[in-house]
Amino acid sequence: QVQLVESGGGLVQSGDSLSLSCTFAGGTFISYSMSWFRQTPREGRQFVAGINWNGGTTFYADSVKGRFTISRDNAKNTVFLQMTDLKPEDTAVYYCAALLSVVVVYVADDYDYWGQGTQVTVSS
C-alpha cells in the first residue's frame with residue numbers, strides 16, 4: 001500500500017520562502033506522476049503543481065507560476081514544492097498526491113493516493 005507523508009509546512013510572513021517535501025513508500029515511485037494540491041474552506045481542493053515520472057514535464061496553476069517550483073528525486077522517492085514570494089492567499093493545507101500515470105492531470109478525484117496534508121500559513 002502506498003503511503004505519502006508531507007512535511008515542511010509552517011507559519012511565515014508575506015514574501016518569505018518555504019519548501020515542502022513528500023516522501024513516497026510502499027510502491028514503485030517512478031510509476032507515478034506526482035502533484036501538489038491545496039485546500040481552503042473557500043476554494044476547496046485546487047491543483048497547485050504536478051510533475052511526471054522523470055521530472056521532464058511540469059505544470060502549475062496560474063496563481064503560482066513563477067513563484068513555486070515542483071521537483072522530484074527518484075533516488076529518494078521524494079517530491080518537493082519550493083515556494084517563494086509567499087502571499088496570504090497561499091494559506092492552505094497542502095497535500096501531495098500520487099497518480100498511476102505517465103502524465104499529470106489536474107482533477108483531484110483521479111489521484112490514487114494522498115498524504116495527510118501540511119499547513120502553510122502566510123501572514124501579512
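Residues numbered from 1 in each chain as written. Predicted model: local features only at pLDDT ≥ 70, side-chain atom pairs only at ≥ 80, totals over all residues. Heavy atoms only, no water.

Undergrad: Tell me about the nonpolar core, and please be specific about residues and values.
TA: Across soluble globular proteins, nonpolar side chains have a tendency to be buried as a group. Grouped together as the largest cluster of nonpolar side chains are 29 residues, with contacts concentrated most on Met-34, Trp-36, Leu-81, Met-83 and Tyr-94. For Met-34, the contacting residues outside a window of four places in its chain are Leu-4, Cys-22, Phe-24, Phe-29, Ala-49, Gly-50, Ile-51, Ile-70, Arg-72, Val-79, Ala-97 and Ala-98. With 7 residues, the next largest nonpolar core counts Phe-37, Phe-47, Val-104 and Ala-108 among its residues. (Core = buried A, V, L, I, M, F, W, Y, C linked by side-chain atoms within 4.5 Å. Buried < 20%, exposed > 50% of the residue type's maximum accessible area, 1.4 Å probe, protein only. Contact = heavy atoms within 4.5 Å.)

Undergrad: Could you give an account of the layout of surface pockets, naming the residues involved and the relevant values?
TA: As a volume, the largest pocket reaches approximately 240 Å³. Arg-38, Thr-40, Glu-43, Gln-46 and Glu-89 are, among the 13 residues lining the largest pocket, the residues nearest its centre. Those elements that place two or more of their residues in the lining of the largest pocket are strand E4 (33-40) and strand E5 (44-51). Among the elements that take part in the lining of the largest pocket, E5 stands out by supplying 4 residues, more than any other. Taken together, the residues that form the lining of the largest pocket break down as 4 nonpolar, 5 polar and 4 charged. (1 Å grid on protein atoms, 1.4 Å probe; cavity = no way out; pocket = protein on both sides within 12 Å on 5 of 7 lines; lining within 4 Å. Points joined across faces, edges and corners; volume = space filled by probe spheres on them. Helix = DSSP H or I, 4+ residues; strand = E, 2+ residues; numbered from the N terminus. Nonpolar A, V, L, I, M, F, W, Y, C, P; charged D, E, K, R; others polar.)

Undergrad: Can you break down a nonpolar patch on the surface residue by residue, with the values?
TA: There is a patch of nonpolar side chains on the surface, built from Ile-30, Trp-53, Val-102 and Val-103 and spanning about 380 Å² of accessible area. With respect to the helices and strands, the residue Val-103 is situated in the loop between strand E9 (92-99) and strand E10 (113-114). (Patch = residues over 30% accessible without salt bridge, like charges linked within 9 Å, V, L, I, M, F, W, Y side chains within 5 Å. Areas by Shrake-Rupley, 256 points an atom, 1.4 Å probe, with all protein chains shown as cover. Salt bridge = Lys/Arg side-chain N within 4 Å of Asp/Glu carboxyl O.)

Undergrad: An account of the packing of aromatic side chains is requested, with residue identities and associated values reported.
TA: For any two aromatic rings, the description comes down to two numbers: the centre-to-centre distance and the angle of the planes. Overall, the coordinates contain 10 aromatic pairs when judged by the stated rule. With a centroid separation of 6.4 Å and an interplanar angle of 80 degrees, the aromatic rings of Tyr-95 and Trp-114 are classed as edge-to-face. Taken as a pair, Tyr-95 in strand E9 and Trp-114 in strand E10 lie far apart in primary sequence, 19 residues in all. Classification of Trp-114 by relative accessible area gives partly exposed; the value is 27%. A connected cluster of aromatic rings, assembled from ring pairs, spans Phe-37, Phe-47, Phe-59, Tyr-95, Tyr-106, Tyr-111 and Trp-114. The ring of Tyr-95 has Arg-45 sitting right over it, with the charged end atom 4.1 Å from the ring centre. Positioned above the aromatic ring of Phe-29 is the side chain of Arg-72, whose terminal nitrogen or guanidinium carbon lies 4.2 Å from the ring centre. (Phe/Tyr/Trp six-rings, centres within 6.5 Å; stacked < 30°, edge-to-face > 60°. Lys NZ or Arg CZ within 6 Å of the ring centre and 35° of its normal.)

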